[in-house]
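# Structural overview
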Amino acid sequence: MMMWSLQNLLFTLSVALSHVTSAAALIRVSGYEGREAKVSCPYGVGYESYEKYLCRNDCSDVLIMTTIRKKTRYSISDDKNIRVLTVTISNLSSTDAGKYWCGVTRNFKDIYIEVKLDIRPDRCCDHFTKVRGYEYGSVSISCPYQSQDRNNLKYICSGIQPSTCLQQAVVSSDSKQNGRFSFNNDQTSSNFTVTITSLTQKDSGMYLCGIHRNTSLDDISGVELEVKEWCCVKSHNVSGIVGLSVTMECPYPPQHRTSVKFLCKGDHRYNCTHMVTSQSSSEQTDHRFTLRDDAASSSFLVNITELKANDAGTYWCGSDPEWSVGNYTKIQLSVVFPQQTSKLNPTSTVEDVGSQATETSGKLGLWKSGYDWELKAGDL
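Only a predicted model underlies this, so the values are computations on that prediction, with no experimental measurement involved.

Before going further, it helps to spend a moment on the environment of Ile 113. By the element assignment, Ile 113 lies in strand β9 (residues 111–120). Residues Ile 113 and Cys 102 lie 11 residues apart in sequence; the distance between their C-alpha atoms is 5.2 Å.

A few words now on the pairing of strand β23 (residues 289–294). Examined bridge by bridge, β23 and strand β24 (residues 299–304) share 6 bridges and lie antiparallel to one another. Across the sheet, Phe 289 pairs through a bridge with Ile 304, a residue of β24. What sits between the antiparallel neighbours β23 and β24 is a turn of 4 residues, in which Ser 298 has the positive phi angle 50°.

Further remarks concern the sheet that holds strand β14 (residues 177–178). In a beta sheet, neighbouring strands pair by backbone hydrogen bonds and run either parallel or antiparallel. An order of β11-β16-β15-β14 is seen for the 4 strands of this open sheet, with the pairing classed as antiparallel. Of all the strands in the sheet, just β11 (139–144) and β14 have a single pairing partner and so form its edges. Relative to strand β16 (residues 191–196), strand β15 (residues 181–186) runs antiparallel, the two sharing 6 bridges. Bridge pairing in β16 places Asn 185 opposite Phe 192.

It is worth spelling out unusual backbone geometry at this point. Along the chain, Cys 124 connects to Cys 125 via a cis peptide bond; the corresponding omega equals 5°. With respect to the element layout, Cys 125 can be found in the loop between β9 and β10 (128–134). The phi angle at Cys 59 is positive, at roughly 75°, despite the residue not being glycine. With respect to the helices, strands and loops of the structure, Cys 59 is situated in the loop between β3 (52–56) and β4 (61–65). Within the chain, Ser 198 stands out as a residue other than glycine whose phi angle is a positive 50°. Looking at the secondary structure, you find Ser 198 in the loop between β16 and β17 (205–211). For Ser 198, a relative accessible area of 44% gives the class partly exposed.

The rules we used
Residues numbered from 1 in each chain as written. Predicted model: local features only at pLDDT ≥ 70, side-chain atom pairs only at ≥ 80, totals over all residues. Heavy atoms only, no water. Helix = DSSP H or I, 4+ residues; strand = E, 2+ residues; numbered from the N terminus. Pairing = 2+ DSSP bridges. Buried < 20%, exposed > 50% of the residue type's maximum accessible area, 1.4 Å probe, protein only.

So, in structure tokens, the structure goes:
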């Protein structure tokens, strides 16, 4: 009985294998886990009306055929005009990788083409190039590619899923400008660059550089962008007295010796008002501010005469219009009245320690309270 079963098995295998002939070519197909792969197999003239199918391994298991258009994860179509059989395999998993056959049913021996299916995880990458930028500034992401890809579509997307990167690309070689994103391709160095302007911390994260391939999965590389909070490398406090003058010192890099120097006022550098620059400007309305450049010490001095209470606040000085980190100084100016020890805070209010300011109709009043003089703040 055992001998008969073995002979029967060998006969079945021989019959299954006898229905295929040698493959004319090898078709390589790649796909991502969880996505779909399309297997396209050409066939010769005269076989348009023949039954066709896709099978796996020794072809004893036919996965789908043209007489059954859809079966579980498989669907099939036959374009008789261009003589191409296409099978779509959805919801791919790593177990789908391996050898397949596109077959055409004939009376004696079927003809077929061998297919090799490669499945990759839908995530990238083992290594990410790290790039750093700062809020409100700009950053350039560099993406190298091989010389044979110089004419291929290039793109960049955010995230780590290669399968959807092209569809979700923020900018590409076909659309070189998209809001804050711009694309530049340098074929001489085989490198394309994507520049992001007006950075925010929300721009932080993973990005994928993609090179489109027509016959295989796109070439993908990873970049990790970190957008740091815009902060000051140099920061200090300065105090002055109402009615007198105060001087603020602003260092700058030696290479900025010929650059325009400036001082502006505001809580944030991106919305501050210019008070004075090293170039004469008709926009300057408060001529109590003067700027003197000392190139020998790589610094400039800003002098404010006849100091007022509302001069208190946050100032920014520098020599770099791009506001690169390290090329500016943040200065916190506080103002006190003569013979007073309390300071005006950056919002230009006046308080004496232990006292409470009250408003009057636009005047500053003083009154006796015990043994302390108190300030009465209205419009300063």
